[in-house]
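# Structural features, examined
Letter by letter, the chains look like this.
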Amino acid sequence: EPEVTQTPSHQVTQMGQEVILRCVPISNHLYFYWYRQILGQKVEFLVSFYNNEISEKSEIFDDQFSVERPDGSNFTLKIRSTKLEDSAMYFCASSEQGEGEQYFGPGTRLTVT
Amino acid sequence: GEDVEQSLFLSVREGDSSVINCTYTDSSSTYLYWYKQEPGAGLQLLTYIFSNMDMKQDQRLTVLLNKKDKHLSLRIADTQTGDSAIYFCADKNTGTASKLTFGTGTRLQVTL
């Protein structure tokens, strides 16, 4: 069964460093998403992406964040200068249609020290 | 803004039915979802329901939707220890590529 994959599973970085979180969505899916879950809190929407551009973004997704689909299979989230409060589990998701169900990857745990 | 609320914890005995409840505020929700998260794992889509449906059954899972009260429930029949996890409800409103708004999650503990 096709699934969304994410790498790395755990990333530790120092405050102020740039990180890139990688995702490989399900191959025939066209819509891509990033969410995050700070420990003990709700899963929060960050951004959705379709047709090589951002469809919607939340207030969390400020200028420090960017997304890219560098090739036909990967979808990345870049945090330019990490802060302690960026420590969270980051989930990538994809859907075949914009109205369809979203399938999530296993997540990348980001720890900022 | 939109809000989705769930009770935090539910404990049931193995073999009993579990009912996990969720309320939401967004009247334009088109789809409502249930996801399962096991410790250290990602979010597994369990089932979903269109907002124009009242009920959906999928093997041991039954989803009930009361659109008037904006209340969603997930019933798990014959609950097993493998069902122990956190269950999230989420809603999605109209529009392509629109976001999911998640509840706080309900931790289901299944005891022997």
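For the structure itself, look to the data block above.
A brief structural summary. A quick note: this is a predicted structure, and the numbers were derived from the prediction, not measured.

## Observations regarding the sheet that holds strand E3 (residues 18-24) of chain B
Residues and elements named next belong to chain B. The strand order E1-E3-E8-E7-E6 describes an open sheet built from 5 strands, whose pairing is antiparallel. Each end of this open sheet is capped by a strand with a single partner; those strands are strand E1 (4-6) and strand E6 (55-58). Sheet twist, expressed as the mean angle between neighbouring strand axes with direction ignored, is 15°. One ladder, built from 6 bridges, connects strand E7 (residues 61-66) with strand E8 (residues 71-76); its direction is antiparallel. Counted as the bridge partner of Val-63 is Leu-74 from E8.

## Focus on the interface of chain A and chain B
At the junction of the two partners, chain A supplies 20 residues and chain B supplies 25 residues. Interface area for chain A against chain B, summed over the two sides, is near 1,800 Å², with a carbon-plus-sulfur share of 56%. It is Lys-42, Glu-99 and Phe-104 of chain A in chain A that bury the most area against chain B; as a group they hold 34% of the surface buried on that side. Where chain A meets chain B, there are 1 salt bridge. Among the salt bridges present, the one from Asp-3 of chain B reaches Lys-42 of chain A, with a minimum N-O distance of 3.1 Å. At the junction of chain A and chain B, the tally comes to 5 residue pairs in polar contact (both at pLDDT 80 or more). Of all the secondary-structure elements, those providing two or more residues to the side of chain A that touches chain B are strand E4 (31-37), strand E5 (43-50), strand E6 (53-57) and strand E10 (103-104) of chain A. Considering every element that reaches the side of chain A that touches chain B, the biggest residue donor is E4 of chain A, with 4 residues.

## Regarding the sheet that holds strand E8 (residues 75-79) of chain A
All names here are of chain A. With antiparallel pairing, 4 strands are arranged side by side in an open sheet as E1-E3-E8-E7. In this open sheet, the two strands that pair with only one neighbour each are strand E1 (5-7) and strand E7 (65-68). The mean angle between the axes of side-by-side strands here comes to 20°, regardless of whether they run parallel or antiparallel.

## As for the state of the cysteines
Tallying each qualifying case throughout the model produces 2 disulfides over all chains. Disulfide partner of Cys-23 of chain A: Cys-92 of chain A, at an S-S distance of 1.9 Å. Taking the torsion about the sulfur-sulfur bond, which here is approximately -65°, the covalent link between Cys-23 of chain A and Cys-92 of chain A counts as left-handed. You can see Cys-23 of chain A sitting in strand E3 (residues 19-24) and its partner Cys-92 of chain A sitting in strand E9 (residues 88-95), a full 69 residues away along the chain. Classification of Cys-23 of chain A as buried rests on a relative accessible area of 0%. Looking at Cys-92 of chain A, the relative accessible area reads 0%, which means it is buried. Cys-22 of chain B shares a disulfide with Cys-89 of chain B; S-S distance 1.9 Å. Taking the sign of the torsion about the S-S bond as the criterion, the disulfide between Cys-22 of chain B and Cys-89 of chain B, at about 70°, is right-handed. One end of the pair, Cys-22 of chain B, is in strand E3; the other, Cys-89 of chain B, is in strand E9 (residues 85-93), and 67 residues separate them in sequence.

## Description of the pattern of salt bridges
Residues and elements named next belong to chain B. Inspection of every chain in the model, using the stated rule, returns 4 salt bridges over all chains. With a closest N to O distance of 2.9 Å, Arg-60 and Asp-83 form a salt bridge. Taken together, the residues span a long stretch of sequence, with Arg-60 in the loop between E6 and E7 and Asp-83 in the loop between E8 and E9 at a distance of 23 residues.

## A word on the packing of aromatic side chains
For the coordinates displayed, the defined rule picks out 20 aromatic pairs over all chains. Residues Tyr-35 of chain A and Phe-45 of chain A carry aromatic rings whose centres are separated by 5.6 Å and whose planes lie at 70° to one another, so their mutual orientation is edge-to-face. Residue Tyr-35 of chain A is found in strand E4, and its partner Phe-45 of chain A is found in strand E5; the two are separated by 10 residues along the sequence. Phe-45 of chain A matches Tyr-35 of chain A in its accessibility class, with the two residues each being buried. In textbook terms, an aromatic cluster arises when at least three aromatic residues are bridged by ring pairs, as seen for Tyr-33, Tyr-35, Phe-45, Phe-91 and Phe-104 of chain A together with Tyr-31, Tyr-33, Tyr-35, Tyr-48, Phe-50, Phe-88 and Phe-102 of chain B. The ring of Tyr-48 of chain B has Lys-56 of chain B sitting right over it, with the charged end atom 4.0 Å from the ring centre.

Cut-off values and rules
Residues numbered from 1 in each chain as written. Chains lettered and ligands numbered in written order. Predicted model: local features only at pLDDT ≥ 70, side-chain atom pairs only at ≥ 80, totals over all residues. Heavy atoms only, no water. Pairing = 2+ DSSP bridges. Helix = DSSP H or I, 4+ residues; strand = E, 2+ residues; numbered from the N terminus. Axes fitted to C-alpha atoms, helices over the stretch in contact; angles between N-to-C directions. Contact = heavy atoms within 4.5 Å. Buried area = accessible area lost by both parts, 1.4 Å probe. Salt bridge = Lys/Arg side-chain N within 4 Å of Asp/Glu carboxyl O. Polar contact = N/O pair within 3.5 Å; in protein donor to acceptor, adjacent residues only side chain to side chain. Disulfide = S-S within 2.5 Å. Buried < 20%, exposed > 50% of the residue type's maximum accessible area, 1.4 Å probe, protein only. Phe/Tyr/Trp six-rings, centres within 6.5 Å; stacked < 30°, edge-to-face > 60°. Lys NZ or Arg CZ within 6 Å of the ring centre and 35° of its normal.

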